[in-house]
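Below are the chains, spelled out letter by letter.
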Amino acid sequence: DQQVKQNSPSLSVQEGRISILNCDYTNSMFDYFLWYKKYPAEGPTFLISISSIKDKNEDGRFTVFLNKSAKHLSLHIVPSQPGDSAVYFCAASLNRDDKIIFGKGTRLHILP
Amino acid sequence: ETGVTQSPTHLIKTRGQQVTLRCSSQSGHNTVSWYQQALGQGPQFIFQYYREEENGRGNFPPRFSGLQFPNYSSELNVNALELDDSALYLCASSLANRGPGETQYFGPGTRLLVL
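Counting from 1, residues in each chain are numbered in the order their sequence is written. Lettering for chains starts from A, numbering for ligands starts from 1, and both go in the order in which the items are written. Thresholds applied to this predicted model are a pLDDT of at least 70 for local features of residues and 80 or more for the giving and counting of side-chain atom pairs; totals over whole chains, interfaces and linings are not thresholded and use all residues. Side-chain descriptors were evaluated using all non-hydrogen atoms of the structure, hydrogens and water having been removed beforehand.

## With respect to the nonpolar core
Only buried Ala, Val, Leu, Ile, Met, Phe, Trp, Tyr and Cys residues count toward a nonpolar core, and they belong to the same one when joined by side-chain atoms within 4.5 Å. A simple rule labels every residue: compare its accessible area, found with a 1.4 Å probe on the protein chains alone, to the largest value its type can have, and call it buried under 20%, exposed over 50%, or partly exposed in between. Among the nonpolar cores identified, the biggest contains 23 residues, and A:F33, A:W35, A:L73, A:L75 and A:Y88 are the most heavily contacted of them. Broken down by element, this core gets its largest block of residues, four residues, from strand β9 (residues 86-93) of chain A. Membership of the second largest hydrophobic core comes to 19 residues, among which are B:V19, B:F60, B:F64 and B:V78. Helix and strand definitions here come from DSSP, where helices need a minimum of 4 consecutive H or I residues and strands a minimum of 2 consecutive E residues; each element is numbered from the N-terminal end.

## Some remarks on the sheet that holds strand β3 (residues 19-24) of chain B
Residue and element names in this part refer to chain B. Strand order in this open sheet of four strands is β1-β3-β8-β7, and the pairing throughout is antiparallel. Where the open sheet ends on each side, the last strands, each with one partner, are β1 (5-7) and β7 (64-68). In this sheet, neighbouring strand axes are inclined to one another by 20° on average, regardless of whether the strands run parallel or antiparallel. Between any two strands, pairing holds if DSSP finds at least two bridges. Sheet topology note: the β3/strand β8 (residues 74-78) ladder contains five bridges and is antiparallel. If you follow C23 over to β8, its bridge partner there is S74. Every angle, taken between N-to-C directions, lies between 0 and 180 degrees, and every axis is a line fitted to C-alpha atoms, over only the stretch in contact when it is a helix.

## Some points on the environment of A:F89
Residues and elements named next belong to chain A. Relative to the helices and strands, F89 is located in strand β9. Accessibility expressed as a relative area gives 1% for F89, which makes it buried. C-alpha separation for the pair F89 and R61, spaced 28 residues apart in sequence, amounts to 17 Å.

## Notes on the packing of aromatic side chains
Residues and elements named next belong to chain A. Aromatic rings from Phe, Tyr and Trp, taking only the six-membered ring of Trp, are treated as a pair when their centres fall within 6.5 Å; an angle between ring planes under 30 degrees marks them as stacked, one over 60 as edge-to-face, and anything in between as tilted. Here the structure, examined in full by the defined rule, presents 13 aromatic pairs over all chains. Ring centres 4.7 Å apart and planes at 45° place the aromatic pair Y25 and F33 in the tilted group. Note on Y25: relative accessible area 4%, which makes it buried. For F33, a relative accessible area of 1% corresponds to the buried category. Aromatic side chains Y36 and F46 sit 6.1 Å apart centroid to centroid with 75° between the ring planes, which places their arrangement in the edge-to-face category. Pair noted here: Y36 is in strand β4 (residues 32-38) and F46 is in strand β5 (residues 45-51), with a separation of 10 residues, a long-range link.

## Digging into unusual backbone geometry
Trans is the prevailing form of peptide bonds, just as negative phi is the prevailing case for residues other than glycine. With an omega of -10°, the peptide bond running from A:V78 to A:P79 counts as cis. Residues B:S7 and B:P8 are joined by a peptide bond in cis, for which omega reads -10°. Secondary-structure assignment places B:P8 in the loop between β1 and β2 (10-13). Positioned with a positive phi, A:A41 is a non-glycine residue whose angle comes to about 65°. When you line up the elements, A:A41 lands in the loop between β4 and β5.

The structure is reproduced here in C-alpha cells:
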C-alpha cells in the first residue's frame, strides 16, 4: 500500500512557465517531507524539505507547500528551465531521523 | 571531497544465485542506507548501517543482508535471487546525527537483472 502517492507519472511544461508537481500521503504521522530530483544514470539528489509545523518553504526557484489537513504537498518551480527536466520524487518520514518513504516519481519535461 | 560510488554499474545474474553490491560512502559520512528501486517505482528502503551495525530495516526478507566496514564502505548481499529482485540498487551515505533526509547523498546505483 503506497503511503506516498504521486499520481501524475509525467508532466510537460513550457520553459519559463510554472511547474507544479503534486504529492499525496496517507499516513497522518508523517512529520517531515522532502523532494528529490533524479537525472538518468545518477542517484536522487535532495532538493527541498518541509516540516509539518510549516506550510511553505522556499529556496530560490523552488517552493514546497504543505496542506496537512488534505495530506497534500506540492512543489512549485518558477520559472521552469531546461535543466529542470528530470524525475522528481516526493518523500516523507516520521521525523528527521527516520527512514524515508518515496513516491513513484513524476517525470518533468520542460519544453523549449 | 569524493562522492558516493557504487560497483558494479550493471550486473546480470540467474535465479537462485547470490550477488554482492558495493558502496563507498561520501567522505566523512558514517551512515549508509540501501534502497531498491524497481522499474516505475520510487526507491524503497532496505536497511541502514551505522558503526557496522544494522540500524533500521524496511520490509525485505532476511536473504537481503549487509555489511559496513570500519572505513564506512558497505556491501549489500542478496541470496537466492528471484526475478523480482531485478532493480536499481541505490546506496546513500549520511551523517547519523543529522538525519538521513537532507544530508543523504546517493550513489548512481547498480542495475541488477535477474534472468
